Structures are given as structure tokens and as C-alpha cells.
Amino acid sequence: MLDKSRPIAIYAEAKIGQLDAKMAEGIIRYGQNPVVAVIDSTAAGQKVGDLCKMESDVPIVATLDEAIARGAEVLVLGTAPSGGRVPPEWMSVLQAAVNAGLSLVNGLHDPLNAIFGKDLKPGQWIWDIRTLTGEMPPIATAQAAKLNNTRVLMVGTDMAIGKMTAGLEVFKSLKDQGADVEFLATGQIGVSIMGTGIALDAFRVDHASGAVERMVMEAADHDIVIVEGQGSLLHPGSTATLPLMRGSCCNAMILCHRAGMEYVDTPGNIRIPPLPDVISLCENTTSANGALTEARVVGIALNTRDLDAGTASAEIARLQDQTGLPVTDPVRCGAGVLAEAIMKAF
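The text that follows walks through the structure, step by step, so that each part is easy to find. All values derive from a computational prediction rather than experimental measurement. (Residues numbered from 1 in each chain as written. Predicted model: local features only at pLDDT ≥ 70, side-chain atom pairs only at ≥ 80, totals over all residues. Heavy atoms only, no water.)

Attention shifts here to unusual backbone geometry. With an omega of 0°, the peptide bond running from T266 to P267 counts as cis. Relative to the helices and strands, P267 is located in the loop between β10 (252–258) and α10 (275–287). Residue A142 is not a glycine yet carries a positive backbone phi of 60°. Under the relative-accessibility criterion, A142 is labelled partly exposed at 23%. At A160, a residue that is not glycine, the phi angle is positive and equals roughly 50°. (Helix = DSSP H or I, 4+ residues; strand = E, 2+ residues; numbered from the N terminus. Buried < 20%, exposed > 50% of the residue type's maximum accessible area, 1.4 Å probe, protein only.)

As C-alpha cells, then:
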């Protein structure tokens, strides 16, 4: 649907550089389409690299018309408002985009085809990533436990701490080392980057494990699969990690954590235990006391974007001593040690 040659603009009004704009950052960092502009009237005139911790000269413009003038053919909704719903104030911009002939990529829960589908012209489309197509997957039956490949699940101490980013960096590092590896996207950002995958939170809870299992079985011919993580076992509002564990029957995990984080972001009253305790929780939950596959955490991806270089190095060394595992910030320092840990373990 989204041809990789088509120029895109990303709508991130009042959010670029903030946590809510993680879809915008993910697509700019890892996507294959040319990004002609980010739309954010509050930051117009700057570049993405001025506000986000990445090297990027993508310009930030104030209006849709400016993005169209720069050649945009597709508009990507690049932020995640509370609840994953499309804010009413966006509707006039989206209508204008459709009227101007742009296609839309929508990772939010509200299906835009139902609103704007009647206005589409030939060759124009709306990709509602979280709208399910085809039959509901069957209930999972632990088929993946019988596979001989390595299934690495990215797990985390909270939501929105870099599980997808770390997974993509590990995937790239393994590919660079010549491994036969595939990345399985399970969220709207990963799907929009890879072009395939599932939006896990669009499935009914009884079928979520089955959706993961089906995806993993379809990738069974690869030596290594990296399964994008969602949510956290520590978060009281998250139900995503367990179906990923059950459906993938993972036999390895990478734990993702943000440096210095003591409580989950929202709500702020849930304390994050010491990482050795989190590792034990993940390993015990995955194995289900031996009923499914045994899976070990083989490394830690540490998000140090808020630390200076010296402090980041010290925190990486401290966690290595505390856990006895390889630790790295895969964006800042590369994911090589995590890729090596996966290959050594199997």
C-alpha cells in the first residue's frame, strides 16, 4: 500500500520532540520513504534534529500546504494522543489532505476510511493500520515451541521506553553480521516501517496470542526472529506482554529499560524493581514453570538519551556489574554486543 518511493509528510502538531511523537521519530529514523516535512506549527522553521535526539535535517513546517508544496503525497499521523483516538481538531486538516489528493497512514484506533473513504479519488487510499482484515486468528496452541529457530522477544520495564527501537537496532546488527534474521512488527509504528506485521492491540484478548503465533509460524524458515515488544508486565494497564510471550514461545529476551527510571511513567506510583528482579519475573512468566519454552534474558538495551556520554557509560557499566549481562544503548553505542549475545546463546 505505501510504496517506498512515495514522499511523505508527518503530522505532529505541537508534539515533535516529545514522547507522544514516537511514531514520527520512528518513521524518520527507520522508515524507507523520503520524508519531505514534519507539520508542527509550534516548531516551524526548525529541523527535526534540533528537537529530537537524532541526526535529521527534515524541515518542520507550519501548514499542510507547505508540506504539499515540498512534494508530499502521503500524510502520516505521527503522534499518539491519549487513548489512541483521533482528536476532533485534526479533522479539518485530514479533510484538507484528502481533498488535496493525499493518501493517509493512520496508526490510531479510529478508522479514517469510515470518515473520509467516500472522498477518495482513484489511486488514493487510507491505511488504517489498527483495522483488522481477514479472519480472526485461532486460539494459540504453542506451535512455535516446536520450532528450532531462535525467537527473541523484546520486553521492557514500562511502555514507550524503546522496545521497537532496540529491536530494530538488534535486527540491523544481526543482518550486518550475516545472520538469517527477520523482524516481526507488533505495533502500528513497526508495521508502518516494515510494511508488514500485526497491530497487537487491535485483537481481542483471546485471539492476541494466536495472532502472534501465526506471525511467528509464517517466519519459521528464518534462523532468528526478533519479536517487537509491547507494554510491560510491570504496568497495571498493560495486557500486551503475555500474549507475545505465549504466542511466540520465545526462547530468548532482551530487556529494555530507561536509565534512571524508578517508577513507570503513568501512573507514577508503580515502582520498578531492581533489574535482576525484573529479569526473574520475565523468565519465570515466560517458562510458566516449565509448561512452555524456557527463555532467558540474554542482554539489556538501556535507553540513555537523557544522559550525557560519561554518565551513560557509567550507568551501562553499573548495570553490567549488577546483572552479569551485556548492556548497551543500541542507538548511542550500537547493538553489536546484544547481537553477539543472541548468537552465542544459540
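Moving on: the pattern of salt bridges. Within the structure shown, the criterion is met by twelve salt bridges. Note that R305 is salt-bridged to E25, the shortest N-O span being 3.7 Å. One end of the pair, R305, is in the loop between β11 (296–303) and α11 (309–323); the other, E25, is in helix α1 (residues 22–30), and 280 residues separate them in sequence. The partner of K118 in a salt bridge is D119, and the shortest N-O contact between them spans 3.8 Å. Given the relative accessible area of 69%, K118 is considered exposed. Three or more residues joined by partner-sharing salt bridges are found here, namely E283, E294 and R296. (Salt bridge = Lys/Arg side-chain N within 4 Å of Asp/Glu carboxyl O.)

Attention now moves to the packing of helix α6 (residues 163–176) against helix α12 (residues 336–345). With their axes 8 Å apart at the nearest point, α6 and α12 run at an angle of 70° to one another. Judged on the interaxial angle alone, α12 and α6 are roughly perpendicular. In this structure, the crossing between α6 and α12 has a hand that is right-handed. Of the residues in α12, those touching α6 at V170, S173 and L174 are G336, L338, A339, I342 and M343. Residue composition of the contact of α6 with α12, by class: six nonpolar, two polar and no charged. (Axes fitted to C-alpha atoms, helices over the stretch in contact; angles between N-to-C directions. Parallel < 35°, antiparallel > 145°, perpendicular 65-115°, else oblique. Left-handed = near helix turned anticlockwise from the far one by under 90°. Contact = heavy atoms within 4.5 Å. Nonpolar A, V, L, I, M, F, W, Y, C, P; charged D, E, K, R; others polar.)

Across the sheet, which stays open at both edges, the six strands sit in the order β3-β2-β1-β4-β5-β6 with parallel pairing between neighbours. Edge positions in the sheet fall to β3 (60–61) and β6 (126–128), since each has one partner strand and no second. With four bridges connecting them, strand β1 (residues 8–11) and strand β4 (residues 74–77) associate as parallel partners. Along β4, the bridge assignment pairs I10 with V76. Helix-sheet contacts for α1 involve β1, β2 (35–39) and β4, and the interaxial angle to β1 is about 155°. In the packing of helix α4 (residues 91–99) onto the sheet, the strands contacted are β1, β4 and β5 (103–106), and the crossing angle to β4 comes to about 155°. (Pairing = 2+ DSSP bridges.)

Two elements in contact, helix α8 (residues 205–218) and helix α9 (residues 241–248), have axes whose closest approach is 7 Å; the angle formed by their N-to-C orientations is 45°. It follows from the interaxial angle that α8 and α9 lie oblique. As α8 packs across α9, the resulting crossing turns out to be right-handed. Side by side, α8 and α9 meet where A208, S209, V212, E213 and V216 of the first sit next to P243, L244, R246, G247 and S248 of the second. Residues belonging to the contact of α8 with α9 are distributed by class as follows: five nonpolar, three polar and two charged.

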